[in-house]
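Structural description and commentary
Spelled out from the first residue to the last, the chains are:
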Amino acid sequence: MRPFLFILLVQSPYPMKKIICALGLALFLYGCAGDHKKAANDSGKVSINKVWVFKKIDTAKSNLKGSSSFWIGDNTIDMSNKDTLRYSTIATNNGSTVYPYKVSRSYIFLAGKQTYHIEKLTDSLLELSALYQVKEQSGESHESTVVMIYKAR
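Residues numbered from 1 in each chain as written. Predicted model: local features only at pLDDT ≥ 70, side-chain atom pairs only at ≥ 80, totals over all residues. Heavy atoms only, no water.

Regarding its fold elements, the chain presents two helices and eight strands. Counting across all 153 residues of the chain, residues that qualify as buried make up 25%. A separation of at least 24 residues holds for 43% of the contacts in the chain among residues at least 6 apart in sequence. About 11000 Å² of surface is accessible on the chain, with carbon and sulfur atoms providing 57% of the total. (Helix = DSSP H or I, 4+ residues; strand = E, 2+ residues; numbered from the N terminus. Buried < 20%, exposed > 50% of the residue type's maximum accessible area, 1.4 Å probe, protein only. Contact = heavy atoms within 4.5 Å. Areas by Shrake-Rupley, 256 points an atom, 1.4 Å probe, with all protein chains shown as cover.)

As for its placement among the helices and strands, Ile118 is situated in strand E6 (residues 113–121). Residue Ile118 is classed as buried on the basis of its relative accessible area, which comes to 13%.

Where E6 lies against strand E7 (residues 125–135), four bridges are found, and the strand directions are antiparallel. Within E7, the residue paired with Ile118 across the bridge is Leu128. Across 11 bridges, the pairing between E7 and strand E8 (residues 141–152) is antiparallel. Residue pairing for E8: Leu125 is matched across the bridge by Lys151. (Pairing = 2+ DSSP bridges.)

What follows is the structure in structure tokens.
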């Protein structure tokens, strides 16, 4: 291929700079096309459609005043079905509750109501935030944002 390119450059009626610029542009576009395909493939790897097991509340991101009077835990969210969410609480052995769900932008809607905000989603970690009514020991009630961390089963 080198002799052909040399002959093309020597016998070409176009100035050398235009040919070199054209080759440089072609190489640049070829390189960009490869990066685009790789980025498109990488973006589809993370899925929320898994079974998620509760691990802990992120107290750095949550604004809980009386966390001792507030109980969340030992629950599992099964989102492996793309339109039906199963929520089960292991501690009370109450079986599972089924909700129709939809994910739109960074929100999870349960039965048509915006319920959770997706703070972070990786292949093995899901952080959800939600507003909860918290009742203090003094009897005072207030809303608190709670950030819950789930790990993929």
